[in-house]
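Now for the letters of each chain:
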Amino acid sequence: MRFEDLLLCAKKWVNQWFGRSFFDQITRQNASRLSAYFERVKFKHKDHPLIPCIQKQLDELNRTNDWNKVKAIELLIVPLLDPDDLNLELQYQLHYAELYLPEYEYSFFKNQFERDPQSLESLQNSDDTESDALSHKQALLTKLLISLQKFYEDRQLRSIFANKARFKIGLLFALSIILSVFLLAIGILHPDGIYQYCTNYCPKSTWLNSITADTPDLAETKSAKIQLHFAITALTTGYMGACFSMLISLKSRIETITLKELENLHKLHFIITRIITGVGAALICYYFFRARVITGSIFPDFTKPEEINLNSKSYFTLIIWNFIAGFSEKLVPSILSKTEGQLANNQ
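Residues numbered from 1 in each chain as written. Predicted model: local features only at pLDDT ≥ 70, side-chain atom pairs only at ≥ 80, totals over all residues. Heavy atoms only, no water.

Colleague: Go over the overall build of the protein, please, and point to the residues and values.
Modeller: The number of helices and strands found in the protein is 13 helices and zero strands. When each of the 347 residues of the protein is scored for burial, the buried share is 39%. Expressed as a percentage of contacts within the protein between residues at least 6 apart in sequence, the contacts between residues at least 24 apart total 72%. Here the protein has roughly 20300 Å² of accessible surface; of this, 60% comes from carbon and sulfur atoms. (Helix = DSSP H or I, 4+ residues; strand = E, 2+ residues; numbered from the N terminus. Buried < 20%, exposed > 50% of the residue type's maximum accessible area, 1.4 Å probe, protein only. Contact = heavy atoms within 4.5 Å. Areas by Shrake-Rupley, 256 points an atom, 1.4 Å probe, with all protein chains shown as cover.)

As structure tokens, this is what we get:
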């Protein structure tokens, strides 16, 4: 099997795994109810032209467990319901409409249902009025079923898109944790950090030697090596903060954003863009710390020689603040705005 075929099979399996649970459950619940309804209407309307069509749809539903078959059967059965069953089905579906549909939509269906007399038997004195009332309720039930079906599909699509987003972001977040733990372990095992690790295991990487080629002073050389580790750690923690932010905000955003926005949310280009934004914010924050624009006891201090090591307070406060910079979409913009304001006042 070719690699492209494996990718296609994996994609198909993931799509089925994410989209399976809810529609399978609601399809099974409705299949038995529709079968029971059909047996009743088939007994009363044996010669109706819709009977063979509904029977075919039910047979296919039992074989495939297809949600689209449920939708079709529900709508096909409506014209075959007698007045009592029609009233009962309307009341049953109105109960779900009250739970799931917006208030204005539920009120519309409820008012339309209560506009006519509750029982069609009270209209026996007029065949035309009875026929009109029956047609009105059939049309009302059809519209109600379509609205509920649309809600079920919308909810399922939201669940699928959210699960796909969690899966992709979760994988990238796990990768960021691995990278962070890797850098932390390097800092513990190698005093000069990533520079020493790379020169030990990648001795042919001549670009690393260029970092300290013009710094013969041993203290400056050691500082340059550790600053390289600081910079890489800053980018990695910004990446981790961006992934963590997306995972945390996803739950609250599922119900508030539109379906199209949620569909875009799980796409890889959107996720990568957010991660790049977080990494960029962490890098800008690192520049502010190096330039001493932001100072204080809770911020890194790179002016003290004793703080330029991988077990110092500055190193771990750098990790914390760069994680926050990647996590927050407002921290770095607010810092930039305040800096801009200060520059304007000085001028």
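Colleague: Describe in detail the pattern of salt bridges, supporting the description with residues and values.
Modeller: Evaluation of the coordinates by the stated rule reveals nine salt bridges. Note that D301 is salt-bridged to K304, the shortest N-O span being 4.0 Å. Within the structure, one salt-bridge network assembled from shared partners comprises R292, D301 and K304. (Salt bridge = Lys/Arg side-chain N within 4 Å of Asp/Glu carboxyl O.)

Colleague: Summarise the nonpolar core; cite the residues concerned and give the values.
Modeller: Counting residues in hydrophobic clusters, the biggest one holds 31 residues, and the most contacted among them are F38, I54, I73, I77, L81, L141 and L144. Those elements giving two or more residues to this core turn out to be helix 1 (3-44), helix 2 (50-64), helix 3 (67-77), helix 4 (83-100), helix 5 (103-115) and helix 6 (127-189). Setting aside anything within four residues of it in sequence, one finds L141 in contact with V78, L81, L86, E89, L90 and Q93. The next biggest cluster of nonpolar side chains, apart from the first, holds 19 residues, and it includes I226, Y286, I308 and L310. (Core = buried A, V, L, I, M, F, W, Y, C linked by side-chain atoms within 4.5 Å.)

Colleague: If you had to explain helix 5 to someone new, which residues and values would you point to?
Modeller: Its 13 residues give helix 5 an end-to-end C-alpha distance of 18 Å, which sits within 8% of 18 Å, the value for a rise of 1.5 Å per residue. The complete set of buried residues in helix 5 reads Y106, F109, Q112 and F113. Viewed along the axis of helix 5, the buried residues span an arc of 130°, placing them on a single side of the element. Of the exposed residues in helix 5, the ones pointing more than 90 degrees away from its buried face are E103, Y104 and R115. (Expected span 1.5 Å × (residues − 1). Arc of directions from axis to C-beta.)

Colleague: Go over the packing of aromatic side chains with me, naming the residues and quoting the values.
Modeller: Under the defined criterion, the tally for this structure stands at 17 aromatic pairs. When the centroid spacing of 6.0 Å and the interplanar angle of 75° are considered together, the rings of Y100 and Y152 count as edge-to-face. You can see Y100 sitting in helix 4 and its partner Y152 sitting in helix 6, a full 52 residues away along the chain. The class for Y100 is partly exposed, based on a relative accessible area of 28%. Ring centres of F289 and F299 lie 6.0 Å apart, and the angle between their planes is 35°; on these two criteria the pair is classed as tilted. With F289 in helix 11 (residues 268-290) and F299 in the loop between helix 11 and helix 12 (313-327), the pair connects residues that are ten residues apart, well separated along the chain. Here F289 matches F299 in class, with each residue buried. (Phe/Tyr/Trp six-rings, centres within 6.5 Å; stacked < 30°, edge-to-face > 60°.)

Colleague: So, the environment of F182: which residues are in play, and what are the values?
Modeller: Relative to the helices and strands, F182 is located in helix 6. Placed twelve residues apart in sequence, F182 and I194 show a C-alpha to C-alpha distance of 9.7 Å. In contact with F182, other than residues within four places in its own chain, are I194 and Y197.

Colleague: Which residues make up the packing of helix 2 against helix 3, and what are the values?
Modeller: Taken N-terminus to C-terminus, the directions of helix 2 and helix 3 make an angle of 155°; their axes are 9 Å apart at the nearest point. In this view, helix 2 runs roughly antiparallel relative to helix 3, as classed from their interaxial angle. As helix 2 packs across helix 3, the resulting crossing turns out to be left-handed. Across the interface between the two elements, L50, C53, I54, Q57, L58, E60, L61 and T64 of helix 2 pack against K69, V70, A72, I73, L76 and I77 of helix 3. (Axes fitted to C-alpha atoms, helices over the stretch in contact; angles between N-to-C directions. Parallel < 35°, antiparallel > 145°, perpendicular 65-115°, else oblique. Left-handed = near helix turned anticlockwise from the far one by under 90°.)

Colleague: Give me the confidence of the model for the protein: which residues, what numbers.
Modeller: Confidence in the prediction for the protein averages 80 pLDDT; 82% of positions are at 70 or higher. Low confidence marks residues 118-124, where pLDDT is under 50. Its contacts with residues over four positions away, or in another chain, come to 15 contacts. (pLDDT = per-residue confidence, 0-100.)

Colleague: Now, about unusual backbone geometry: what can you tell me, with residues and values included?
Modeller: Here R292, not a glycine, exhibits a phi torsion of approximately 60°, which is positive. By secondary structure assignment, the location of R292 is in the loop between helix 11 and helix 12. Residue R292 is classed as partly exposed on the basis of its relative accessible area of 36%.

Colleague: Explain the side chain of R274 residue by residue, including any values.
Modeller: Relative to the helices and strands, R274 resides in helix 11. Looking at R274, the relative accessible area reads 9%, which means it is buried. Within polar-contact distance, the side chain of R274 engages the backbone oxygen of G326 at 3.1 Å. In this structure, R274 is in contact with A242, S245, M246, G326, F327 and E329, ignoring residues within four places of it in sequence. (Polar contact = N/O pair within 3.5 Å; in protein donor to acceptor, adjacent residues only side chain to side chain.)

Colleague: Explain the packing of helix 4 against helix 5 residue by residue, including any values.
Modeller: Interaxial distance between helix 4 and helix 5 falls to 10 Å at its minimum, and their mutual angle equals 160°. Considering their axes alone, helix 4 and helix 5 lie roughly antiparallel with respect to each other. For the element pair helix 4 and helix 5, the recorded crossing hand is left-handed. Residue-level contacts link N87, L90, Q91, L94, A97 and E98 of helix 4 to Y106, F109, K110 and F113 of helix 5. Of the residues assigned to the contact of helix 4 with helix 5, the class counts are six nonpolar, two polar and two charged. (Nonpolar A, V, L, I, M, F, W, Y, C, P; charged D, E, K, R; others polar.)

Colleague: Tell me about the side chain of N322, and please be specific about residues and values.
Modeller: The topology assignment puts N322 in helix 12. In this structure, N322 is in contact with A234, T237, G238, A282, L283, C285, Y286 and F289, ignoring residues within four places of it in sequence.

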